[in-house]
Amino acid sequence: MASSFSCLAAFFVAILVQFLLVSASTKSIDAICQHVTGKRFCLKTLSAYPPAASATTTFQAVRAAIHIAKSYAEKCRKFTEKTAKENPKPKDQFMDCQDAYLRIILSLRSAAGELKESPETSNYDVMVCTDQTTMVKNLVGKNRDVASNTIMKMTLMMNKLIVIAVGATEALSL
């Protein structure tokens, strides 16, 4: 009988711990997404990303939000690099896009490094990424080829992820 009670107690403790962890990550994600204009997209994106969904602190969730944006910028940079090699006509434009994505990656890396010591500086590092996405839009936005259209779609998604990262750094600044 005591053994059954111990098992039942352990089961309830496990459920309670799991609830508390989910509650902590939900609060962290909510703290970030309240600073974002596309709150539903923010909640969906961060909840689907395991490091953000399992974060037990807002700091961990913020790092995860920046990491999502940085990873996507790396994907965009690789695509623009490949596109520049395969398309000789607008090669210079695609190479400039590749450079813009590299600057985004560097800014996001800097933002992640500044989080603890200076959330305000981190916020600035993330915000300047939109200068680079604007440059990409200006470079290829009027082009009608498939590669330029793909880069534009990727850039629009990058902007959404930057908005989440900005909201994340603002959540830490409070």
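Note that the structure is predicted; figures quoted are calculated from it, not measured.

Explain the overall build of the protein chain to me, using residue names and the numbers behind them.
Within the protein chain, the secondary structure is distributed over eight helices and zero strands. Along the protein chain, helices and strands appear, N-terminal first, in the series α-α-α-α-α-α-α-α. Counting only residues that meet the buried cut, the protein chain has 39% of its 174 residues in that class. Within the protein chain, contacts between residues at least 6 apart in sequence are counted, and of these 70% link residues at least 24 apart. Counting every atom, the protein chain has about 10,000 Å² of accessible surface; 61% of that belongs to carbon and sulfur.

Account for helix H8 (residues 146-173), with residues named and values stated.
Side chains that are three or four residues apart share a direction in an α-helix, a result of its 3.6 residues per turn. Compared with the 40 Å implied by 1.5 Å per residue over 28 residues, the 41 Å span of H8 between its first and last C-alpha is a close match. With a side-chain oxygen positioned 3.4 Å from the backbone nitrogen of Ala-147, the residue opening H8 is Asp-145.

Go over the packing of helix H7 (residues 129-140) against H8, please, and point to the residues and values.
Contact pair H7 / H8: the axes reach a minimum separation of 10 Å and the direction vectors enclose 160°. With respect to H8, the element H7 is oriented roughly antiparallel. Relative to H8, the crossing made by H7 is left-handed. Contacts from Cys-129, Thr-130, Thr-133, Val-136, Lys-137 and Val-140 in H7 reach Ser-148, Ile-151, Met-152, Thr-155, Leu-156, Met-158, Asn-159 and Ile-162 in H8.

I'd like a rundown of the nonpolar core, residues and numbers included.
Ranked by size, the top nonpolar core spans 44 residues in total, and within it Ile-32, Leu-46, Leu-108, Met-158 and Ile-164 carry the most contacts. Only helix H1 (2-33), helix H2 (39-48), helix H4 (58-86), helix H5 (91-114), H7 and H8 provide two or more residues apiece to this core. Per element, the largest residue contribution to this core is twelve residues, and it comes from H8. The residues touching Ile-32, leaving out its near neighbours within four places in the chain, are Cys-42, Leu-46, Ala-61, Val-62, Ile-164, Gly-167, Ala-168 and Ala-171.

Residue-level account of the packing of aromatic side chains, with values.
Per the counting criterion, the structure on display carries zero aromatic pairs. Here the basic side chain of Lys-116 rests over the ring of Phe-59, its NZ or CZ set 5.4 Å away from the ring centre. The positively charged end of Lys-160 is found above the aromatic ring belonging to Phe-41, 5.1 Å away from the centroid.

Mind laying out the confidence of the model for the protein chain, listing which residues take part and the relevant values?
Note that predicted coordinates carrying low pLDDT should not be read in detail. The share of residues in the protein chain with pLDDT of 70 or more is 86%, and the mean pLDDT across the chain is 88. Contacts for the low-pLDDT stretch residues 7-24, under 50 throughout, to residues beyond four places or in other chains number four contacts.

Give a detailed account of the state of the cysteines, specifying residues and quantitative values.
As enumerated under the stated definition, the model contains one disulfide in all. There is a disulfide in this structure between Cys-33 and Cys-42, and the S-S distance comes to 2.1 Å. Where Cys-33 bonds to Cys-42 through sulfur, the torsion about that S-S bond is close to -80°, and the disulfide is left-handed. For the pair Cys-33 and Cys-42, one class covers both residues: buried.

Can you tell me about the pattern of salt bridges, naming the residues and giving the values?
Taken as a whole and judged by the stated rule, the model has four salt bridges. Between Lys-70 and Glu-74 there is a salt bridge, with the nearest N and O atoms lying 3.2 Å from each other. Of the two residues, Lys-70 and Glu-74 both sit in helix H4, four residues apart, roughly one turn of that helix. For Arg-77, the salt bridge goes to Glu-81, with nearest N and O atoms at 3.3 Å. Of this pair, Arg-77 and Glu-81 both sit in helix H4, four residues apart, which is roughly one turn of that helix. What makes Arg-77 buried here is its relative accessible area of 19%. For Glu-81, a relative accessible area of 26% translates into the label partly exposed.

Calculation criteria
- Residues numbered from 1 in each chain as written.
- Predicted model: local features only at pLDDT ≥ 70, side-chain atom pairs only at ≥ 80, totals over all residues.
- Heavy atoms only, no water.
- Helix = DSSP H or I, 4+ residues; strand = E, 2+ residues; numbered from the N terminus.
- Buried < 20%, exposed > 50% of the residue type's maximum accessible area, 1.4 Å probe, protein only.
- Contact = heavy atoms within 4.5 Å.
- Areas by Shrake-Rupley, 256 points an atom, 1.4 Å probe, with all protein chains shown as cover.
- Expected span 1.5 Å × (residues − 1).
- Polar contact = N/O pair within 3.5 Å; in protein donor to acceptor, adjacent residues only side chain to side chain.
- Axes fitted to C-alpha atoms, helices over the stretch in contact; angles between N-to-C directions.
- Parallel < 35°, antiparallel > 145°, perpendicular 65-115°, else oblique.
- Left-handed = near helix turned anticlockwise from the far one by under 90°.
- Core = buried A, V, L, I, M, F, W, Y, C linked by side-chain atoms within 4.5 Å.
- Phe/Tyr/Trp six-rings, centres within 6.5 Å; stacked < 30°, edge-to-face > 60°.
- Lys NZ or Arg CZ within 6 Å of the ring centre and 35° of its normal.
- pLDDT = per-residue confidence, 0-100.
- Disulfide = S-S within 2.5 Å.
- Salt bridge = Lys/Arg side-chain N within 4 Å of Asp/Glu carboxyl O.

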